[in-house]
Amino acid sequence: MPDIVISEPMHEAAVHDLGRSFEVRYDHALARDGIALSGAVADARALIVRDRTIIDADLLAAAPRLRVIGCLGACAGQVDLEACRERGIEIHTYEAGAELTTADRVISGLTRLLGRSGWMPGKGEKTLGLVGFNPTAREVAGRARALGLQVWAYDPLVDRESPLWADLNVQPVGLLHLLEWCDAVSLHLRLTEETRELIDWETITEMRPSAVLINASHSGLVDNGAVLGAVRTGRLSGAMLDLEEDDSHAELDTRNAADARIGALIAHKVRTTLERREDI
């Protein structure tokens, strides 16, 4: 019997990611068949829906092991919130029109910039390198894995023996190795004298010409002139240096990018909730 039931369309990369850790039943027809849905969730610990599945007291009674509901859109009107609260069932919701966090913008930028080379979520091997492994970087790591990306990270403040690396399925590596081999690099560092203009022309020459760069932190981490020059001359494939300004680009809101972003987030929330509550 499945651990996770997905009764409505979800981005295939996110479904695939969940399937690597859990038994998943992905069936659009369940949203239109209450009897079949009740049977499907009998042993499920998670249910993921969009905007058609009705989650009422009867359905919850048929799902005694349910721990978390993931909503891929605005579904509050379809969910018996009081019954969920009484059962201690967590509800995670994300809407495309919601205010974007830094992690949202990074994932949006990755999807757009890597997409220029023909990459699509869940198809083709690509590696994301995180320079710094703060909480935002860790959230990016979870969503990037849901898109089918391998994730490496460099952070001298996180011990190589820390269980955090294995928990998030992230490979710790040295900075130079990360720059040399990653297809995308995202910066998540505090600005200090040591990190000021960490990315300059010299470090750019260590990167692949096909690589893309995203600065998710302080602008002082990057020599913007060097990066722009590298992009214009083909030394880098692309860059996103100002996350606030970049949200104005219409291509960030294509249906595929939005679905990938939302699917990755909900998959991450469902997975971490089940792992945290696996002993309940």
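Residues numbered from 1 in each chain as written. Predicted model: local features only at pLDDT ≥ 70, side-chain atom pairs only at ≥ 80, totals over all residues. Heavy atoms only, no water.

## Quick look at the sheet that holds strand S6 (residues 127-131)
No. 1: Across the sheet, which stays open at both edges, the 6 strands sit in the order S8-S7-S6-S9-S10-S11 with parallel pairing between neighbours. Edge positions in the sheet fall to strand S8 (171-172) and strand S11 (238-240), since each has one partner strand and no second.
No. 2: Across 2 bridges, the pairing between strand S7 (residues 150-154) and S8 is parallel. Within the sheet, the bridge partner assigned to Trp-152 lies in S8 and is Gln-171. (Pairing = 2+ DSSP bridges. Helix = DSSP H or I, 4+ residues; strand = E, 2+ residues; numbered from the N terminus.)

## A few points about the pattern of salt bridges
No. 1: Throughout the structure, instances matching the rule amount to 9 salt bridges.
No. 2: Two residues, Arg-25 and Asp-27, come together in a salt bridge whose shortest N-O distance is 3.2 Å.
No. 3: By relative accessible area, which is 24% here, Asp-27 ends up partly exposed.
No. 4: A salt bridge links Asp-183 to Arg-208; its shortest N-O distance comes to 3.1 Å. Taken together, the positions of Asp-183 in the loop between helix H8 (175-181) and strand S9 (184-187) and Arg-208 in the loop between helix H9 (201-204) and strand S10 (212-215) put the pair 25 residues apart, joining distant regions of the chain.
No. 5: Take Arg-208: its relative accessible area is 27%, and that puts it in the partly exposed class. (Salt bridge = Lys/Arg side-chain N within 4 Å of Asp/Glu carboxyl O. Buried < 20%, exposed > 50% of the residue type's maximum accessible area, 1.4 Å probe, protein only.)

## Considering the state of the cysteines
By definition, a disulfide links the sulfur atoms of two cysteines through a covalent bond.
No. 1: For the structure shown, the criterion picks out 0 disulfides.
No. 2: No disulfide involves Cys-84; its nearest neighbouring cysteine sulfur is the one of Cys-71, lying 8.7 Å away.
No. 3: You can call Cys-84 buried: its relative accessible area is 1%. (Disulfide = S-S within 2.5 Å.)

## Describing the nonpolar core
No. 1: If you look at the biggest cluster of nonpolar residues, it comprises 29 residues, and the most contacted ones within it are Leu-110, Leu-128, Leu-130, Phe-133 and Val-170.
No. 2: At the level of secondary structure, the elements contributing two or more residues to this core comprise helix H5 (102-115), S6, helix H6 (135-146), S7 and S10.
No. 3: If one sorts the elements of this core by residue count, H5 sits on top with 6 residues.
No. 4: The residues contacting Leu-110, other than those within four sequence positions of it, are Gly-115, Trp-119, Leu-128, Leu-149, Ala-184 and Ile-214.
No. 5: In terms of nonpolar packing, the next biggest core, distinct from the first, is built from 22 residues, Val-131, Cys-182, Met-207 and Ala-226 among them. (Core = buried A, V, L, I, M, F, W, Y, C linked by side-chain atoms within 4.5 Å. Contact = heavy atoms within 4.5 Å.)

## Some points on unusual backbone geometry
No. 1: Positive phi, close to 55°, is recorded for Asn-169, a residue that is not glycine.
No. 2: For Asn-169, the position within the fold is in the loop between helix H7 (163-167) and S8.
No. 3: Despite not being glycine, Glu-197 has its phi angle at roughly 50°, a positive value.
No. 4: Inspection of the secondary structure assignment puts Glu-197 in the loop between S9 and H9.

## Considering the pairing of strand S4 (residues 68-71)
No. 1: Burial along S4 is two-sided: Val-68 and Gly-70 facing one way and Ile-69 and Cys-71 facing the other are all buried.
No. 2: Strand direction decides the pairing type here: S4 and strand S5 (residues 90-93), joined by 4 bridges, are parallel. Residue pairing across strands places Val-68 opposite Glu-90, the latter belonging to S5.

## Considering the sheet that holds S5
Sheet strands line up and pair through hydrogen bonds in the backbone, either parallel or antiparallel.
No. 1: Read from one edge of the open sheet, 5 strands run S2-S1-S3-S4-S5, paired in parallel fashion. Since the sheet does not close on itself, it has two edges, and those belong to strand S2 (24-26) and S5, each with one partner. Neighbour-to-neighbour, the strand axes of this sheet turn through a mean angle of 15°, independent of strand direction.
No. 2: Here 3 bridges tie strand S1 (residues 4-6) to S2, and the two strands are oriented parallel to one another. Paired with Val-5 across the two strands is Arg-25, which belongs to S2. (Axes fitted to C-alpha atoms, helices over the stretch in contact; angles between N-to-C directions.)

## Points about the confidence of the model for the protein
No. 1: Summarising the model, the protein shows a mean pLDDT of 85, and 88% of its residues fall at 70 or more.
No. 2: Low confidence marks residues 244-255, where pLDDT is under 50. Its contacts with residues over four positions away, or in another chain, come to 15 contacts. (pLDDT = per-residue confidence, 0-100.)

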